[in-house]
Amino acid sequence: RDRSIWKKERVILRQSAKELTASYDDKESTSFLKAFHIYTKDERYSLKYLLGLLNSDLINYYCCKSGINMSEGGKQPQIRISGLRKIPIRLIDFGSEADLNSYHRIIALVESALSTSLEIAKCKFPSDKKLLEDKLTIIKKQINGQVDELYNMK
């Protein structure tokens, strides 16, 4: 197997979960967990845009209601590759100023969420950690708002 794929930027989507759980990885690493590693073929798209969509309340709601998160006999819900392909990823019209603005706003918010998450992990003081967690909650709400707007749900 070509090991160069472990050096590429990617979104990692957990396979066993009640809701979509995606993370971003831009370091050289491997994964032995049951997970999907998602790369982009179209260089115009940032994986951070995809990360914002996959972790949004709207896409999670869609996946739960459409049966993409399958559960069999009381077992932990699973996402199959066939289900993953059915997730309605909103393509961007790169000629549309409104689409581009939403696209760049989602990326900026995701970058802010990622850096805030790193700060939380390093934080040593409970009061500071609480402030950062509150900040992250606000950022997630803003991402959800942008995604809702992009999908014309507002």
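Our structure is the block above this text.
These numbers were taken from a predicted model, which means no experiment stands behind them.

(A) A look at the overall build of the protein chain. When you go through the protein chain residue by residue, the secondary structure sums to five helices and five strands. Each helix (α) and strand (β) of the protein chain, taken in turn from the N terminus, gives the series β-β-β-α-α-β-β-α-α-α. When each of the 154 residues of the protein chain is scored for burial, the buried share is 39%. Counting only contacts in the protein chain whose residues sit at least 6 apart along the sequence, the fraction spanning at least 24 positions is 61%. Summed over all atoms, the accessible surface of the protein chain reaches about 10,000 Å², with 53% contributed by carbon and sulfur.

(B) View of helix 4 (residues 97-122). For helix 4, which comprises 26 residues, the first-to-last C-alpha distance of 38 Å matches the rise-based estimate of 38 Å (1.5 Å per residue) to within 8%. Turning to helix 4, its buried residues are Asp 99, Ser 102, Tyr 103, Ile 106, Ile 107, Leu 109, Val 110, Ala 113, Thr 116 and Ile 120. Summarising the contacts, the buried residues of helix 4 are in contact with helix 1 (47-54) and helix 5 (126-150).

(C) Representation of the packing of helix 1 against helix 5 in the model. Relative orientation of the contacting elements helix 1 and helix 5 amounts to 95°, with a least axis distance of 9 Å. What the angle tells us is that helix 1 and helix 5 run roughly perpendicular. Counting all contacts with helix 1, which are made through Tyr 49, Gly 52 and Leu 53, the residues of helix 5 involved are Ile 143, Val 147 and Leu 150. A class-by-class count of the residues in the contact of helix 1 with helix 5 yields five nonpolar, one polar and no charged.

(D) Expanded view of the side chain of Thr 116. Counting through the fold element by element, Thr 116 comes out in helix 4. At 2.8 Å, the side chain of Thr 116 forms a polar contact with the backbone oxygen of Ser 112. Setting aside residues up to four positions removed in sequence, Thr 116 forms contacts with Leu 132, Lys 135, Leu 136 and Ile 139.

(E) Focus on the environment of Asp 57. The residue Asp 57 is located in helix 2 (residues 57-66) in this model. The spatial distance from the C-alpha of Asp 57 to the C-alpha of Asp 148 is 8.9 Å, given a sequence separation of 91 residues.

(F) Region of interest: helix 2. Among all positions in helix 2, only Leu 58, Ile 59, Asn 60 and Cys 63 are buried. At the C-terminal side of helix 2, Gly 67 shows a positive phi close to 80°.

(G) Just the nonpolar core, in detail. In terms of nonpolar packing, the biggest core is built from 36 residues, with Val 11, Leu 20, Tyr 49, Leu 54 and Ile 87 touching the most fellow members. Mapped onto this core, the elements with two or more residues apiece are strand 1 (10-14), strand 2 (22-25), strand 3 (35-38), helix 1, helix 2, helix 4 and helix 5. With seven residues, helix 4 is the single largest residue contributor to this core. In contact with Val 11, other than residues within four places in its own chain, are Ala 22, Ser 23, Phe 36, His 37, Ile 38, Leu 47, Leu 50, Leu 51 and Leu 54.

(H) Here's a closer look at the sheet that holds strand 3. Spatially, 2-1-3 is the arrangement adopted by the three strands of the open sheet, whose pairing is antiparallel. The sheet is open, and its two borders are formed by strand 2 and strand 3, each paired with just one other strand. Taking each pair of neighbouring strands and ignoring which way they run, the sheet shows an average axis angle of 25°. Note that strand 1 and strand 3 share four bridges and pair antiparallel. Among the inter-strand pairings, Arg 14 is bridged to a residue of strand 3, identified as Ala 35.

About the cut-offs
- Residues numbered from 1 in each chain as written.
- Predicted model: local features only at pLDDT ≥ 70, side-chain atom pairs only at ≥ 80, totals over all residues.
- Heavy atoms only, no water.
- Helix = DSSP H or I, 4+ residues; strand = E, 2+ residues; numbered from the N terminus.
- Buried < 20%, exposed > 50% of the residue type's maximum accessible area, 1.4 Å probe, protein only.
- Contact = heavy atoms within 4.5 Å.
- Areas by Shrake-Rupley, 256 points an atom, 1.4 Å probe, with all protein chains shown as cover.
- Expected span 1.5 Å × (residues − 1).
- Axes fitted to C-alpha atoms, helices over the stretch in contact; angles between N-to-C directions.
- Parallel < 35°, antiparallel > 145°, perpendicular 65-115°, else oblique.
- Nonpolar A, V, L, I, M, F, W, Y, C, P; charged D, E, K, R; others polar.
- Polar contact = N/O pair within 3.5 Å; in protein donor to acceptor, adjacent residues only side chain to side chain.
- Core = buried A, V, L, I, M, F, W, Y, C linked by side-chain atoms within 4.5 Å.
- Pairing = 2+ DSSP bridges.

None of this, on its own, says anything about what the molecule does.
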